[in-house]
Structures are given as C-alpha cells and as structure tokens.
Amino acid sequence: MSFAEKPDLRSATVQARCVRLPAKAADAASLAPVVETQALSCGENDLLIEVKAAAVNPSDVKAATGLMPYAVFPRTPGRDYAGVVIDGPQGWIGREVFGSSGDLGIRRDGTHATHLVVEAEAVVEKPKGISWEEAAGIGVPFVTAMEGLRRAGIPKAGETVLVMGVNGKVGQAATQIASWHGARVIGVVRRSEPYEGHANSPVDVVDASATEVAARVRELTDGKGADIVFNTIGDPYFEAAHKSLGLRGRQILIAAVDRIVQFNILEFYRGQHTYVGIDTLGLSSVATGAVLRELGPGFAGGHLKPFPIKPNAIYPLEQAKAAFIAVAGSSRNRVILRPWA
C-alpha cells in the first residue's frame, strides 16, 4: 500500500538515508560525513516529508566546523528543504511543500536526508512552476532578507535601500523584496561588476574598490542618504553604511568578521538611526514558516524569483563533503543536495 492510499493511521515509519556528522571537524576539508539509515515516523502534529532537494548553507558549514557551540553531534545537517508530504494529519498527504529553520540541522536532525519530520505549521506550499531544487534554495537567504526588512520596517515607494554585498544570495533576496515593495535599490560590490540577480526595477551599483561609498550614495539620493542599509557583510562595511544613512535611517546587520566596531555616537543619535540585528538561527521551524508565507504572494506574482540552480552545483547525499567544501570555498552558486539522485 502506498502512502497516498494509506488511511489516516498514526504513524507510518520509513527507513531514511541520512547524512550524518559524527563530530565537529577542524575545517571543511576535514569533514567525515557518512550516510546512515535511520527509522523516522511523525507525531500527531508533525509531517513526514520525502525530501526532493535540500540546500547547503554557509551556516551548515560553520556548525559542522565548530563555529556554533550549541550545534549537537552526531546529527543530520541541513536547514532548507523541498519535498512531498507522505504522512501526517488528514489532508496533507501528497502536498508539495518547502521550508527552512534555525534549529533544523543545528540543534536537531535536519534536511540532508531522504526524509524529514517537521511540524505541520512549519511548511509552506511550494510555488507552482518552481523546481524542487529552486524551492530548496529559497530558505535561508530569503528568510534572512525578509526578517531583516520586516524588523526594520518594510520599505515602500519613495524610499531607498542600500544593499552592501548586493550579489550575495541574501543581498539578492533583499533587493528582490525591496524592489517588489516599490523601493529604490542601490547595491554595493567589492569590484567592478553588474548586479547579477532579479529585481523589479533598475539597481544602481556602486563599486567600493573605486568609489567612496557614502559620498556616492549621497550623490545618488540628492544628499538625503539611504532609508535602510542592509549590511550583509558586517564590520568591513559598517562605517560606510553608517555614513550612508539618512535621517531616521536603519542599518540591518546579519554578519561579522572582526566583531568589534567604532562609530560616531553623536551622528547616531542626531541622525535618529536604528541598528537591527538579525540571527535566523534563533527562529524555530514554525517561526521560519511564518516568514516564508509572507513571501508567498511575491513568488506567486512573479515579483520574487528563486535563485537559478546550476547542474554542477547539485550533489547526491554520498557527495555531501564535496558540497560542503564548495560552500566553504565561497561558491556563488546555490549548492543543493538531491537525495534521490
């Protein structure tokens, strides 16, 4: 009897093939993942999902290499996924879903497996016309971007959003969301290159290697400055971001290199600025699902588009180490595991 034909009984059990990290590694090259079989079944309010694709994020690599002390071992890594519900409450079986989480793959077993158990409230309907791999790649970057802009105040027509690191995946997601809501976007890059992602209006690009960023932003905004700076890099761009803020401007921070920064407190309070810190690792699967649902109309209407997935960035579970090394090497591709390859 197939799962689709199975009456609503509690609960089916599957033998899932899972990537397992037995212990933290010194670096990505030292990782020793293995593929093991584990029995999975879901509880009363859970879903059992057949995973069709799962993304590998920089946070997966950081957790695996000991940079997140709260990461547990052994465990199955992975935060993002897309798949089909094969067991759960009545009405769920057969639905195509995707999702993400701050705790999956870090504090509990995650998505780098053939199957996943997750709360029913955590999943989101997969947008039609989007592949499994594309849906699996939406998660962390779009959740980070949306949570940052939601916390800072969703930008609106007439406002300017400055995105530091605009060609990174969070930078591209922030650009899509801001331009979807009618804001003007200015992007900052480290070297001369165009904006690579989707946008709903033209994106002005500032080359930080050749131009003083804050001065150029003032020039582009007739002296006003940016209403929101989405700083995806952290301290290397902190001063430029600070000086680019307009009156009551908000700077969103999601990353750090050296952690400690200095800034002019007088300029801060006289400018009535706000700094917003975002850590999506603090969001549960259910909370992350709520953020993703806010993005649903954007994908349905074509205002938001998933990242293109290149064939050479898709790996089977048995090549999880190679996928982790690719992400650790700062690959610009969205790296995906395909459990059924």
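Residues numbered from 1 in each chain as written. Predicted model: local features only at pLDDT ≥ 70, side-chain atom pairs only at ≥ 80, totals over all residues. Heavy atoms only, no water.

Caption draft 1: Expanded view of the overall build of the chain. Along its length, the chain carries nine helices and 15 strands. Taken against the 2.2 N^0.38 rule, which gives 20 Å for 341 residues, the C-alpha radius of gyration of the chain at 21 Å falls within 12% of a compact globule. With the principal axes as the frame, the chain shows a C-alpha extent of 70 × 45 × 35 Å. Within the span of the chain, comprising 341 residues, buried residues form 52% of the whole. In the chain, the proportion of contacts linking residues at least 24 apart, taken out of those at least 6 apart, comes to 70%. A total accessible area of about 14,700 Å² is found for the chain, and carbon and sulfur atoms account for 52% of it. The positive charge centre, built from 36 side chains, and the negative charge centre, built from 35, are 2 Å apart in the chain. (Helix = DSSP H or I, 4+ residues; strand = E, 2+ residues; numbered from the N terminus. Rg over C-alpha atoms; globule rule 2.2 N^0.38 Å. Buried < 20%, exposed > 50% of the residue type's maximum accessible area, 1.4 Å probe, protein only. Contact = heavy atoms within 4.5 Å. Areas by Shrake-Rupley, 256 points an atom, 1.4 Å probe, with all protein chains shown as cover. Lys, Arg positive; Asp, Glu negative; His and termini not counted. Charge placed at Lys NZ, Arg CZ, Asp CG, Glu CD.)

Caption draft 2: Focus on the sheet that holds strand 12 (residues 245-253). Pairing is parallel across the open sheet formed by six strands, whose spatial order is 10-9-8-11-12-13. The sheet terminates laterally at strand 10 (203-207) and strand 13 (274-277), the two strands that pair on one side only. Between one strand axis and the next, the sheet turns by 20° as a mean value, whatever way the strands run. Summarising the sheet, strand 8 (residues 160-164) and strand 11 (residues 226-231) pair through four bridges and their orientation is parallel. The partner of Met 164 across the bridge, within strand 11, is Asn 231. Packed onto the sheet, helix 3 (residues 139-152) meets strand 11, strand 12 and strand 13 and runs at close to 145° relative to strand 11. Sitting on the sheet, helix 4 (residues 169-180) touches strand 8, strand 9 (184-189), strand 10 and strand 11, and the angle it makes with strand 8 is about 170°. (Pairing = 2+ DSSP bridges. Axes fitted to C-alpha atoms, helices over the stretch in contact; angles between N-to-C directions.)

Caption draft 3: Spatial organisation of helix 3. When the terminal C-alpha atoms of helix 3 are compared, their 20 Å separation across 14 residues agrees well with the 20 Å that a helix rising 1.5 Å per residue should span. Counting buried residues in helix 3 gives twelve out of 14 residues, a clear majority hidden from the surface. Where the residues of helix 3 are buried, they touch helix 2 (132-136), helix 4, strand 11, strand 12, strand 13 and helix 8 (285-300). (Expected span 1.5 Å × (residues − 1).)

Caption draft 4: Structural detail: the side chain of Thr 144. By the element assignment, Thr 144 lies in helix 3. Here Thr 144 falls in the buried class, since its relative accessible area comes to 8%. A polar contact of 2.7 Å, which involves the side chain of Thr 144, links it to the backbone oxygen of Val 140. Residues within four places of Thr 144 in sequence aside, it is in contact with Val 170, Phe 230, Ile 254, Ile 278 and Thr 280. (Polar contact = N/O pair within 3.5 Å; in protein donor to acceptor, adjacent residues only side chain to side chain.)

Caption draft 5: Spotlight on the environment of Arg 248. Secondary-structure assignment places Arg 248 in strand 12. When the C-alpha atoms of Arg 248 and Asp 227 are compared, they prove to be 7.1 Å apart, with 21 residues separating the residues in sequence. Non-local contacts of Arg 248, meaning those with residues more than four positions away in its chain, are made with Asp 227, Gly 271, Gln 272 and His 273. Side-chain polar atoms of Arg 248 contact the side chain of Gln 272, separated by 3.1 Å.

Caption draft 6: Region of the structure containing the nonpolar core. Counting residues in each nonpolar core, the largest one holds 43 residues, and the members touching the most others are Phe 142, Ile 177, Phe 230, Ile 252 and Leu 295. If you tally residues by element for this core, the top one is helix 3, at six residues. The residues touching Phe 230, leaving out its near neighbours within four places in the chain, are Thr 144, Ala 145, Gly 148, Leu 149, Leu 162, Val 163, Met 164, Val 170, Ala 174, Ile 252 and Ile 254. If you look at the next biggest cluster of nonpolar residues, it comprises 16 residues, including Ala 28, Val 56, Val 327 and Leu 337. (Core = buried A, V, L, I, M, F, W, Y, C linked by side-chain atoms within 4.5 Å.)

Caption draft 7: Highlighting the pattern of salt bridges. A full pass over the atoms with the stated rule returns 19 salt bridges. Its salt-bridge partner being Asp 80, residue Arg 334 comes within 2.9 Å of it at the nearest N-O pair. Pair noted here: Arg 334 is in the loop between helix 9 (320-328) and strand 15 (335-337) and Asp 80 is in the loop between helix 1 (58-64) and strand 4 (81-87), with a separation of 254 residues, a long-range link. Shared partners join several salt bridges into a network, and the residues in it are Arg 191, Glu 193, Glu 196 and Arg 332. (Salt bridge = Lys/Arg side-chain N within 4 Å of Asp/Glu carboxyl O.)

Caption draft 8: Highlighting the confidence of the model for the chain. The pLDDT averaged across the chain works out to 95; a share of 97% of its residues lies at or above 70. For residues 1-10, every residue scores under 50 in pLDDT, and the model assigns this stretch 19 contacts once sequence neighbours within four places are set aside. (pLDDT = per-residue confidence, 0-100.)

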